[in-house]
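Breakdown of the fold
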Amino acid sequence: MAVVALEARGEIDMAKLTVTTDGWVDRAGALRASVAPIEDAWLAAEPGDVLELQPGTYRRLTIRPSSRSPGSPPVTIEGGGVAVIGTAPVVGGSDTIYLQGGVRDLVLSGLVMEGASRAILKTQQPGGARKVVVQRCVMRGGQDTVWGDHGYFTGGYTYFGNEIHGIPKEHARYLHTRQGNHYFGGNDIRACGLTAYQEVARIHENGTPQPPARGVVTIEDETVIDVCLDGGSAYSFRGGCPGGDIFMNRVRVYLGSDPNAPASYRGKAAGAILIDQGTESQPGKGDGAHPGKYRLAQLRDVEVEIGTVSAPEGSARRPSLTIGNVETAVIESGRIVSVGGIEALDVKRTVDRFLIGRGVHVEGPVKYHGERWGNVDLFRTAHPECVA
């Protein structure tokens, strides 16, 4: 254990530091006992170091900002798929991994994160986190888990190859007021109470004025099965990012159509993708989103299907795909399916320009700027200017 591997890359010596559940090895090869070995090794690490976690179950983490210079090569916490974070049972009000405001240049890789009573991964406000990568991790919710990833003021966020399963209360990923570009790719999300991804930037949060969100969000090669068990939309872009862009490529959303899904949903209306301005207020917490439209929403090879999902008679039923508050919305290719007479596609009046590819397959009615057509062919005939 008391061996440190040093690897020269350019002008930086990057070390691989061994970490166990009760200690870690520093760069000099000395074994240091610790009740918080991951946190201690993180603070002591040099730019580019890799903390190699040995098999075992580790206590919940609080990651604090380090003294390393911003923009330095990131420090990686590598679990190799055999390191579990978060001991059970979880005491109320706990997060599995908590990033204090100001954390940056961090890679979380190959970790198994067990459920908490709040968030599995939480980023604190104010300060947020910058240049954080979450890759090849597994998030397993417990019976009281509210969020998978709950982040404030994140920027330069990269998130790929992860599994998020069984978040019973709310969202798999819930990001407030993102401050920069985000990339999500190759993730698998299943069995969540609300969304697979929701973002919003409210004017006030908990009584404090907040800035608008900014940047581009790209989501691709994701599979989402049977989320929205308590309603909502699998992907929910609730606004507050004027001039921002949304790119969705090769995204698959199946609600109530998987043979291993619950027999029925919990009597709530569910949708697949919602891009629209959030106007709801939460007394004592926050008010509506910052005004202004997304600049562009571009969907390519997106497949959304609502199968046996049901909602109580007379309740608000959600279309498979809803687009609003966007300057230009483009559906280049894909398949959009709805059943039971609910709209497969609803393009709001707040969309300035809308284009749909000739090859886009739509099953179900289409609503455009308040007018309703029984199928997409009737819509295309009525609005040839929207056909790309």
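Anyway, here's the lowdown on the structure attached to this text. Please read these numbers as outputs of a predicted model, since none were measured by experiment.

A closer look at the sheet that holds strand E21 (residues 197-200)
Spatially, E7-E9-E11-E14-E18-E21-E25-E27-E30-E33-E36-E37 is the arrangement adopted by the twelve strands of the open sheet, whose pairing is mixed. Every interior strand has two partners, whereas the edge strands, strand E7 (61-63) and strand E37 (371-373), have only one. Sheet twist, expressed as the average angle between the axes of neighbouring strands with direction ignored, equals 15°. Here strand E27 (residues 270-275) pairs with strand E30 (residues 321-323) via three bridges, running parallel. Bridging across to E30, Ile 273 finds its partner in Leu 321.

Considering the packing of aromatic side chains
For the structure on display, the rule yields nine aromatic pairs. Aromatic ring contacts, followed pair by pair, group Tyr 157, Tyr 159, Phe 184, Tyr 197 and Phe 237 into a single cluster. Geometry around Trp 42 places Arg 68 over its ring, the cationic atom sitting 4.3 Å from the centre.

Side note on the pattern of salt bridges
This model, assessed by the stated rule, comprises 21 salt bridges. Its salt-bridge partner being Glu 222, residue Arg 173 comes within 2.8 Å of it at the nearest N-O pair. Here Arg 173, found in strand E18 (residues 173-176), pairs with Glu 222, found in strand E24 (residues 216-225); they are 49 residues apart in sequence, far enough to count as distant. Overall, the relative accessible area of 0% leaves Glu 222 in the buried class. Here Arg 380 makes a salt bridge to Asp 377, at a shortest N to O gap of 3.9 Å. Placement of both Arg 380 and Asp 377 in helix H2 (residues 376-382) is noted, with a separation of three residues, approximately one turn of the helix. Judged by relative accessible area, Arg 380 falls into the buried class, the value being 14%. Sharing partners across several salt bridges, the network here consists of Glu 220, Asp 221 and Arg 250.

Observations regarding the environment of Glu 363
Considering the arrangement of structural elements, one finds Glu 363 in strand E35 (residues 361-363). When the C-alpha positions of Glu 363 and Val 339 are compared, they lie 7.9 Å apart, and in sequence the two are 24 residues distant. Contact partners of Glu 363, with chain neighbours within four places excluded, come to Arg 335, Ile 336, Val 337, Ser 338 and Ala 344. At a separation of 2.8 Å, a polar atom in the side chain of Glu 363 contacts the side chain of His 361.

Basis of the calculations
- Residues numbered from 1 in each chain as written.
- Predicted model: local features only at pLDDT ≥ 70, side-chain atom pairs only at ≥ 80, totals over all residues.
- Heavy atoms only, no water.
- Pairing = 2+ DSSP bridges.
- Helix = DSSP H or I, 4+ residues; strand = E, 2+ residues; numbered from the N terminus.
- Axes fitted to C-alpha atoms, helices over the stretch in contact; angles between N-to-C directions.
- Phe/Tyr/Trp six-rings, centres within 6.5 Å; stacked < 30°, edge-to-face > 60°.
- Lys NZ or Arg CZ within 6 Å of the ring centre and 35° of its normal.
- Salt bridge = Lys/Arg side-chain N within 4 Å of Asp/Glu carboxyl O.
- Buried < 20%, exposed > 50% of the residue type's maximum accessible area, 1.4 Å probe, protein only.
- Contact = heavy atoms within 4.5 Å.
- Polar contact = N/O pair within 3.5 Å; in protein donor to acceptor, adjacent residues only side chain to side chain.

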